[in-house]
Amino acid sequence: MADNYDVPFNRNFALKPGMVDEVRPGVRRVLCDNPSPFTFTGTVTYIVGQGKVAIIDPGPDDEAHAVALLDAVRGETVTHILITHTHLDHSPNAARIKAWTGA
């Protein structure tokens with residue numbers, strides 16, 4: 001049995017901050033511009049649904065990211081904001097998104 005447990009890590013991530021990427025029908029993602037050893041290229045926020053949408057992990061306290069999220073859902077209704085965990089790169093923008101959308 002080999003003692004080598006190297007797991008390949010693909011460091012290529014083409015998504016750019018503020019851009020919307022449709023991962024699958026009804027699932028979009030937006031990258032925040034907060035790269036670090038903990039966030040890799042940045043925190044990714046997901047938007048699920050069409051017309052009536054949920055925003056999952058709205059990101060850090062970053063107004064530019066919040067604006068990018070609202071641009072991504074322009075013409076739609078944000079009904080829910082979901083937080084998977086309360087790390088500073090995933091949850092603080094929830095208050096801003098809530099204030100702006102009423103979700």
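Look above for the structure.
Notes on the structure in this doc start here.

## Brief notes about unusual backbone geometry
(1) Moving on: One non-glycine residue, phenylalanine 40, adopts positive backbone phi at about 60°.
(2) Moving on: Mapped onto the fold, phenylalanine 40 is located in the loop between strand E2 (27–31) and strand E3 (44–50).
(3) Moving on: Looking at phenylalanine 40, the relative accessible area reads 33%, which means it is partly exposed.

## Some words on the pairing of strand E4 (residues 52–56)
(1) Moving on: Across the 5 residues of E4, 4 count as buried, placing the element largely inside the fold.
(2) Moving on: Taken together, the 5 bridges between E3 and E4 define a ladder with antiparallel strand orientation. What sits directly across from isoleucine 47, in E4, is isoleucine 55.
(3) Moving on: Hairpin connection between E3 and E4: a loop of 1 residue separates the two successive antiparallel strands, and glycine 51 in this loop has a positive phi of roughly 85°.
(4) Moving on: The pairing of E4 with strand E5 (residues 77–82) spans 5 bridges and is parallel. What sits directly across from isoleucine 56, in E5, is leucine 82.

Reading guide: rules and limits
- Residues numbered from 1 in each chain as written.
- Predicted model: local features only at pLDDT ≥ 70, side-chain atom pairs only at ≥ 80, totals over all residues.
- Heavy atoms only, no water.
- Helix = DSSP H or I, 4+ residues; strand = E, 2+ residues; numbered from the N terminus.
- Buried < 20%, exposed > 50% of the residue type's maximum accessible area, 1.4 Å probe, protein only.
- Pairing = 2+ DSSP bridges.

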